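Below, each chain spelled out in residue letters.
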Amino acid sequence: YLEEMTWTEVRDALKAGKTTIIIPTGGTEQNGPHMVLGKHNVLVKYKAGETARRLGNALVAPVMAYVPEGEVNPPTGHMRFSGTITTPEAVFAKVLEYAARSFKQHGFRDIAFLGDSGGNQAAQKLVADALNTEWAGTPVRVHHLSDYYPGPGDDWLKQQGESDETVGSHASIHDTASLLVLNPSMIRRDKLALGKAGDGSGVVGNPARSTVEYGRRILEMQ
């Protein structure tokens, strides 16, 4: 993790061939009454770190926790729920762009955007495409890792017999089970309950169906 290294350690890692940098993007958003606001940041930091460890030639940048989550006034999307933090997509994209420019300047060759939230994907692709066009004559490439999100977890859950209703689409089994593996203190077990779109809970699905076994498999697949 870059933030745990000194500048000379980063310099030496680059010289030793660690020329891939993963930029994880998470978000600070409501995840129902049962799961903490920083869910995406915890999950993507772990998965980026595990990816870098397995690659052997990569470092991990600090997680971007301020991402597009809806309009401020009137509030839309997750901004309708207390604690969510949003940024305009153009602002998010500009921070991504300059993170990438910084890493190119330091000698990284492969710059990978690993986005754990749906609202992050469009800007990641936009920035990657623009910088790859600009840097076409250089060895540096930016990768928007589109296969990562949402990943195969929801489809796999359905193969295990879970219904469309229980799998849901937000703050449900996929992420709840993953956090049960990584940090169960971030789950309020007495608040696990089925939620539906528009019911005011912020949950779409049934996180009560989550298990550690589900979480381990989903984390590995991603």
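Residues numbered from 1 in each chain as written. Predicted model: local features only at pLDDT ≥ 70, side-chain atom pairs only at ≥ 80, totals over all residues. Heavy atoms only, no water.

Caption draft 1: The overall build of the protein, seen in detail. Within the protein one finds eight helices and four strands. Starting at the N terminus, the α and β elements of the protein follow one another as α-β-α-β-α-β-α-β-α-α-α-α. Against the 2.2 N^0.38 benchmark of 17 Å for 222 residues, the protein shows a C-alpha radius of gyration of 18 Å, consistent with a compact globule. Expressed along its principal axes, the backbone C-alpha trace of the protein runs to roughly 50 × 40 × 30 Å. Looking at the protein alone, contacts between residues at least 24 apart form 72% of all its contacts between residues at least 6 apart. Taken as a whole, the protein presents about 11,000 Å² of accessible surface, with 53% of it coming from carbon and sulfur. Here the protein carries 23 positive and 25 negative side-chain charges, and the mean point of each set is 4 Å from the other. (Helix = DSSP H or I, 4+ residues; strand = E, 2+ residues; numbered from the N terminus. Rg over C-alpha atoms; globule rule 2.2 N^0.38 Å. Contact = heavy atoms within 4.5 Å. Areas by Shrake-Rupley, 256 points an atom, 1.4 Å probe, with all protein chains shown as cover. Lys, Arg positive; Asp, Glu negative; His and termini not counted. Charge placed at Lys NZ, Arg CZ, Asp CG, Glu CD.)

Caption draft 2: Up close: the environment of Asn206. One can find Asn206 in the loop between helix H7 (173-182) and helix H8 (212-221). Sequence-wise, Asn206 and Leu157 are 49 residues apart; in three dimensions their C-alpha atoms are separated by 12 Å.

Caption draft 3: View of the pairing of strand S4 (residues 141-144). Because side chains alternate across S4, one face comprises the buried residues Val142 and His144, and the other comprises Arg141 and His143, none of which is buried. After leaving strand S3 (residues 110-115), the chain enters helix H4 (residues 121-134) and then returns to the sheet as S4, a path that is right-handed. (Buried < 20%, exposed > 50% of the residue type's maximum accessible area, 1.4 Å probe, protein only. Right-handed = clockwise from strand over helix to strand, strands pointing away.)

Caption draft 4: Region of interest: the packing of helix H2 (residues 39-55) against H7. H7 packs onto H2 with a crossing angle of 65 degrees between their chain directions and a minimal axis gap of 11 Å. At the point where H2 passes H7, the crossing takes the left-handed sense. In contact with Lys39, His40, Val42, Leu43 and Tyr46 of H2, H7 contributes Asp175, Ser178, Leu179 and Leu182. Residues belonging to the contact of H2 with H7 are distributed by class as follows: five nonpolar, two polar and two charged. (Axes fitted to C-alpha atoms, helices over the stretch in contact; angles between N-to-C directions. Left-handed = near helix turned anticlockwise from the far one by under 90°. Nonpolar A, V, L, I, M, F, W, Y, C, P; charged D, E, K, R; others polar.)

Caption draft 5: Up close: the pattern of salt bridges. Enumeration over the complete set of coordinates arrives at 14 salt bridges. Between Lys39 and Asp175 there is a salt bridge; the shortest N-O distance is 2.8 Å. Placement of Lys39 in helix H2 and of Asp175 in helix H7 is noted, with a sequence separation of 136 residues between them. Here Lys39 falls in the buried class, since its relative accessible area comes to 1%. Linked by salt bridges that have partners in common, Glu50, Arg53, Arg54 and Glu220 make up one network. (Salt bridge = Lys/Arg side-chain N within 4 Å of Asp/Glu carboxyl O.)

So, to be careful, I would describe these as geometric facts and stop short of saying anything about function.
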